[in-house]
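Take a look at the letters that make up each chain.
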Amino acid sequence: VRNNNIFIKDLASDEIKQITHDGEYNHIINGTTDWVYEEEFALVQAWKWSHDSNKIAFWRIDETNVPQYQMTDFSGQHPSYTTLRYPKVGDPNPQAKIGVVNIQDRQIEWMEEDEQKGEGYIPRIYWTADDSKLATVHLNRAQTHLELFFHNVNNGNAELVMEEQSDAWIDVYDFFAGIDDLFFFPKDRNQFFRISDRSGYTHIYHYNYDGEVISQVTNGDWDVTKINGVNYEDETIYYTSTEVDPLERHLYAINFDGSGKQKLTEAPGQHNIDMGSEGYYYIDRY
């Protein structure tokens, strides 16, 4: 991303192709984010390649109606000033929409927008196991109503797959902390996993593409704090939880259907797991 536009560089030829052309400082942002999305949803890299590398899905954020805020840099002998779009309470939020570009012809298809979104957010997008389907997560501004849509990337049509509401708050997990709350199979199987605290405790749920719960994978009076990895071949999920004690964090393995749970860390305390792809190896700091 450069100057609020997206570019593709061919590493073999060094050829650079420009994908978007309407980026403008303090107005239109393609492929990265404004203050709201960076601060509230830990979202900076606002684009994702499809599994086959033929398409890129990206955020386009219009912050034209967001009031400007002047920031002061006092580090030098004399202060310098920068303005950015920053919505205070009651101010308009930036408006986001999702585009999918075919890198061969560089044509952009815009995904159908949620008519109820209003001043809400699109905090996450995911490529599904079906190359023609892109999943987008929508939240209202109060972050009490979550909707998951599947889009046909060839025409942008949207289908509401799942929704969840809370009287208080629906959390979107922190990318900066390496945590996500939705996991889609990379191929072959039209299913996904989601972390939710709908029961009062945070647990892992297994869904099909109709938005139906296949099973609740974890269960108990404790919280799953992170899915560390998923081995789709062995049908095993690796996760961290508070099951031993709210003051401790331990790593577990469990089958997709909730059977065969194993506790993998032994020493008392907080285990911080950095897991390799597919869960064959991990580094444990505790």
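Relevant structure appears above.
The following paragraphs examine the structure supplied in this document. Everything numeric here is computed off the predicted structure, so don't read it as measured data.

Brief notes about the pairing of strand 8 (residues 95-102)
Point 1. For strand 5 (residues 55-62) and strand 8, the ladder comprises eight bridges, and the chain directions are antiparallel. Residue Ile61 lies in a different strand from strand 8, and its bridge partner there is Ala96.
Point 2. The pairing of strand 8 with strand 9 (residues 108-110) spans three bridges and is classified as antiparallel. Bridge pairing links Gly99 to Trp110 in strand 9.

Let's talk about the sheet that holds strand 20 (residues 250-255)
Point 1. Pairing in this open sheet of four strands is antiparallel, and the strands run 18-19-20-21 from one edge to the other. Looking at strand neighbours, the two that pair on one side only are strand 18 (224-231) and strand 21 (262-263), the edges of this open sheet.
Point 2. Bridge count for strand 20 against strand 21 is two bridges, and the pairing is antiparallel. Note on strand 21: the bridge partner recorded for Ala253 is Gln262.

Notes on the packing of aromatic side chains
Point 1. Tallying each qualifying case throughout the model produces 19 aromatic pairs.
Point 2. Judged by centre distance (4.6 Å) and plane angle (75°), the rings of Trp35 and Tyr86 are edge-to-face. Taken as a pair, Trp35 in helix 1 (residues 35-41) and Tyr86 in the loop between strand 7 (80-85) and strand 8 lie far apart in primary sequence, 51 residues in all.
Point 3. Taken together, a centroid distance of 5.7 Å and an interplanar angle of 55° make the contact between Tyr37 and Phe41 tilted. Here Tyr37 and its partner Phe41 are both found in helix 1, four residues apart, which amounts to about one turn of the helix. The residues Tyr37 and Phe41 share a single accessibility class, namely buried.
Point 4. Taken together, Tyr126, Phe150, Phe184, Phe192, Tyr207 and Tyr209 form an aromatic cluster joined through their ring pairs.
Point 5. Across from the ring centre of Phe7, 4.2 Å away, lies the NZ or CZ of Arg2, which sits over that ring.

Each value, and the rule that gives it
- Residues numbered from 1 in each chain as written.
- Predicted model: local features only at pLDDT ≥ 70, side-chain atom pairs only at ≥ 80, totals over all residues.
- Heavy atoms only, no water.
- Pairing = 2+ DSSP bridges.
- Helix = DSSP H or I, 4+ residues; strand = E, 2+ residues; numbered from the N terminus.
- Phe/Tyr/Trp six-rings, centres within 6.5 Å; stacked < 30°, edge-to-face > 60°.
- Buried < 20%, exposed > 50% of the residue type's maximum accessible area, 1.4 Å probe, protein only.
- Lys NZ or Arg CZ within 6 Å of the ring centre and 35° of its normal.

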